[in-house]
Amino acid sequence: MNSKIDVFEKLPVPKAVLTLAVPTVFSMLVTVIYNMVDVYFVGQTGDPNQVAAVSLATPVFLLLMAFGNIFGIGGSSMISRMLGQDRKDMVKHVSSFCFWGALGIGVVMIAVFLCGMPFILQMIGSSSNTAGYAEEYLFWIGVGAPFVVLATAFSNVVRGEGASKASMVGMMAGTVLNIVLDPVMILWMGMGVAGAAIATIVGNLLTVIIYLVYILKGRSLLSIDPKEFRLGSGILTGVLAIGLPASLNNVLMSASNVIMNNFLASYGDIPVASMGVAMKANMLVVMLQIGIATGVQPLIGYSYGAANFKRMKSVIRFSMLCTVIIGTLLTAVYFFASDSIIRIFISDAAVVENGIPMLRALMLAGPVLGILFVFTNAFQAMGKAVPSMVLSISRQGLIFIPILFLGNYLAGLNGIIYAQPIADLASILMAAGIFLFINRRLKGKESQKVELELRPAEAGCEL
């Protein structure tokens, strides 16, 4: 455990950021590859309707991840702050609460999927061409819902105590298994979208098993013991105060994708498939930047809990610099190679033709998008529930959805395509404004801390 604390307290900021962020970035990279491979192998069936069905079902999968993030991000934020305050007993209580809460939600979601399938298919905008495929995919995702929720939750909870490598191993192992199973089930066994869903569930199951082994070995402060389960001592409110706003991002992402797909469907199934491919390709840029921001969240939370605001702000600045560099390089590559990137996933001429401008539009905010993610994770790490909630409901909700409606009304398909980058840039400006407000309060706390540290010294001089 000492090595984990050394990362929080003693390592220089660049080295500490890289120590925590690199494993998370690798995990995200493998996840991106999985998502790309998933669509790639479904695309190899030669059926745009199956690609469109997976795109339509994605918002529902995001909803499961949202439930996982309630306990994962909320738990991780609280755990890192408790470590900063040296309250190790609370770490066990929080992690046990997160485990049993995530498992319970996952079990409930099985019933929701199986009983509410007709409503879900209607809600996501499936057509007569895609409904059958979407139902196949969502049936298996519903059956494995507990594993998806738990895997999402504990990838964050494990990282919350500084075990970024253990978190990476769990995520990567499950994702690699998923990648291996995709061609076997989708193509060789001829299972199509059902094979893609089953591979996803099996991968998440392996991830959960690895995290359980890590915790049960006893080298971690985390616990899944029911005896450690607590709702009181501020645990329920502490986890939900950060977890719910964080999960709102996934919920609103799910809702906005449903709205966007419904708008796109009015122009035919090809635009739905094209945007699905463009968004999968764009995930590389988004997820790598999220990886950096998520990786440093425990470091920010620990520094805030220990009242080391100078180190905390240095971490935020350096992390933002890293995201801007990565975002700029990848944006340049994507703009020049849009055609080749789209063709990796599918060779259908109509899908490729529509997908190229969609991908380039999504990349417009690529160089600076990571700034938004760093701010969001910083607010979560500090336990700032209201700013965190405001950002979570803005990018995919308060800002994006109105722009989506307005864009569709004023510019049709082009308005839909450019809604996301406009919302991203507006959200970045909002996040910067919120941080400036919080920073003024932090300066006041820093002044108070300096005064308290000086008083004993002044008293000693008088004696």
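Residues numbered from 1 in each chain as written. Predicted model: local features only at pLDDT ≥ 70, side-chain atom pairs only at ≥ 80, totals over all residues. Heavy atoms only, no water.

Novice: With reference to specific residues and values, describe the overall build of the protein.
Specialist: Secondary structure summary: the protein contains 20 helices and zero strands in total. By residue count, 57% of the 463 residues in the protein fall in the buried class. Within the protein, counting contacts between residues at least 6 apart in sequence, those at least 24 apart form 84% of the total. About 18,200 Å² of surface is accessible on the protein, with carbon and sulfur atoms providing 69% of the total. (Helix = DSSP H or I, 4+ residues; strand = E, 2+ residues; numbered from the N terminus. Buried < 20%, exposed > 50% of the residue type's maximum accessible area, 1.4 Å probe, protein only. Contact = heavy atoms within 4.5 Å. Areas by Shrake-Rupley, 256 points an atom, 1.4 Å probe, with all protein chains shown as cover.)

Novice: Quick one: what's the story with the nonpolar core, residue by residue and with numbers?
Specialist: Of all hydrophobic cores here, the largest spans 134 residues; its most connected members are Ile124, Tyr137, Leu138, Phe154 and Ile300. Per-element tally for this core: the top contributor is helix H3 (residues 48-84), with 15 residues. Apart from residues lying up to four places away in sequence, Ile124 is in contact with Leu56, Ala57, Val60, Ala134, Leu138, Val258, Asn261 and Asn262. (Core = buried A, V, L, I, M, F, W, Y, C linked by side-chain atoms within 4.5 Å.)

Novice: An account of the confidence of the model for the protein is needed here, citing residue identities and associated values.
Specialist: Averaged over all residues, the pLDDT of the protein equals 83, while 90% of them reach at least 70. The least confident element of the protein is helix H1 (residues 2-9), whose mean pLDDT is 66; the most confident is helix H13 (residues 309-336), at 92. Ignoring residues within four places in sequence, the model shows residues 450-454, a span with pLDDT below 50, making zero contacts including any to other chains. Under a pLDDT of 50 for its full length, residues 459-463 has, in the predicted model, zero contacts with residues more than four places off or in other chains. (pLDDT = per-residue confidence, 0-100.)

Novice: Residues and numbers for helix H18 (residues 400-411), please.
Specialist: Compared with an ideal rise of 1.5 Å per residue, which puts 12 residues at 16 Å, H18 spans 15 Å between its outermost C-alpha atoms and is within 8% of the ideal. Of the residues making up H18, those classed as buried are Phe400, Ile401, Leu404, Gly407 and Asn408. For H18, the buried positions fall inside an angular range of 125° around the axis, keeping them on one side. Exposed side of H18, more than 90 degrees from the buried face: Tyr409 and Leu410 are the residues found there. Following H18 by one or two positions, Gly412 adopts a phi angle in the positive range, close to 65°. (Expected span 1.5 Å × (residues − 1). Arc of directions from axis to C-beta.)

Novice: Quick rundown of the pattern of salt bridges? Include the residues and the values.
Specialist: For the coordinates displayed, the defined rule picks out one salt bridge. Two residues, Asp339 and Arg343, come together in a salt bridge whose shortest N-O distance is 3.0 Å. Here Asp339 and its partner Arg343 are both found in helix H14 (residues 338-345), four residues apart, which amounts to about one turn of the helix. Exposure remark for Asp339: the relative accessible area of 31% places this residue in the partly exposed category. A residue is classified by how much of its surface remains accessible, and Arg343, at 46% relative accessible area, is partly exposed. (Salt bridge = Lys/Arg side-chain N within 4 Å of Asp/Glu carboxyl O.)

Novice: Please give an account of the environment of Phe67 that cites residues and values.
Specialist: Assignment of secondary structure puts Phe67 in helix H3. Take Phe67: its relative accessible area is 23%, and that puts it in the partly exposed class. Here the alpha-carbon distance between Phe67 and Leu248, two residues 181 residues apart in the chain, equals 9.2 Å.

Novice: Hey, could you go over a nonpolar patch on the surface for me, with residue numbers and the actual values?
Specialist: There is a patch of nonpolar side chains on the surface, built from Phe335, Phe336, Leu364, Tyr418 and Ile422 and spanning about 540 Å² of accessible area. For Leu364, a relative accessible area of 43% corresponds to the partly exposed category. (Patch = residues over 30% accessible without salt bridge, like charges linked within 9 Å, V, L, I, M, F, W, Y side chains within 5 Å.)

Novice: Can you explain the packing of helix H8 (residues 164-188) against helix H9 (residues 192-216)? Please cite residues and give values.
Specialist: Contact geometry of H8 with H9 gives a least axis separation of 8 Å together with a crossing angle of 155°. By the criterion of interaxial angle, the relationship of H8 to H9 is roughly antiparallel. Where H8 crosses over H9, the handedness of that crossing is right-handed. Classifying every residue of the contact of H8 with H9 gives 16 nonpolar, nine polar and one charged. (Axes fitted to C-alpha atoms, helices over the stretch in contact; angles between N-to-C directions. Parallel < 35°, antiparallel > 145°, perpendicular 65-115°, else oblique. Left-handed = near helix turned anticlockwise from the far one by under 90°. Nonpolar A, V, L, I, M, F, W, Y, C, P; charged D, E, K, R; others polar.)

Novice: How would you sum up the packing of aromatic side chains? Please name residues and give values.
Specialist: The description of an aromatic ring pair uses the distance of the two centres, along with the angle that the planes make with each other. Within this structure, the stated rule accounts for nine aromatic pairs. Chaining the aromatic ring pairs together yields one cluster made of Phe71, Phe97 and Phe229. (Phe/Tyr/Trp six-rings, centres within 6.5 Å; stacked < 30°, edge-to-face > 60°.)

Novice: Explain the environment of Leu177 to me, using residue names and the numbers behind them.
Specialist: Secondary-structure assignment places Leu177 in helix H8. The spatial distance from the C-alpha of Leu177 to the C-alpha of Val202 is 7.8 Å, given a sequence separation of 25 residues. Not counting chain neighbours up to four residues away, the residues in contact with Leu177 comprise Val202, Gly203 and Leu206.

Novice: Run through the packing of helix H12 (residues 297-305) against H13, naming residues and quoting values.
Specialist: The N-to-C vectors of H12 and H13 enclose an angle of 160°; their axes lie 8 Å apart at closest approach. By the criterion of interaxial angle, the relationship of H12 to H13 is roughly antiparallel. For the element pair H12 and H13, the recorded crossing hand is left-handed. Of the residues in H13, those in contact with Leu299, Ile300, Ser303 and Tyr304 of H12 are Phe309, Arg311, Met312, Val315 and Ile316. Of the residues belonging to the contact of H12 with H13, the class tally is seven nonpolar, one polar and one charged.

Novice: How would you explain helix H17 (residues 385-398) if you had to name every residue and give the values?
Specialist: In this model H17 runs just 17 Å from its N-terminal to its C-terminal C-alpha over 14 residues, more than 12% under the 20 Å that 1.5 Å per residue would give. Looking at H17, one finds that the buried residues are Pro387, Ser388, Leu391, Ser392, Ser394, Arg395, Gln396 and Gly397.

Novice: So, the side chain of Ser77: which residues are in play, and what are the values?
Specialist: With respect to the element layout, Ser77 can be found in helix H3. With residues near it in sequence (within four places) discarded, Ser77 still touches Ile242, Gln297, Gln380, Ala381 and Gly383.

Novice: Would you mind going over the environment of Tyr267 in detail, with residue names and values included?
Specialist: Its place among the elements puts Tyr267 in the loop between helix H10 (235-265) and helix H11 (269-295). In this structure the C-alpha to C-alpha distance between Tyr267 and Gly412, which are 145 residues apart in sequence, comes to 9.2 Å. Those residues within four positions of Tyr267 in sequence are excluded, and the remaining contacts are Asn408, Gly412, Leu413 and Ile416. A polar side-chain atom of Tyr267 sits 3.2 Å from a polar atom in the side chain of Asn408. (Polar contact = N/O pair within 3.5 Å; in protein donor to acceptor, adjacent residues only side chain to side chain.)

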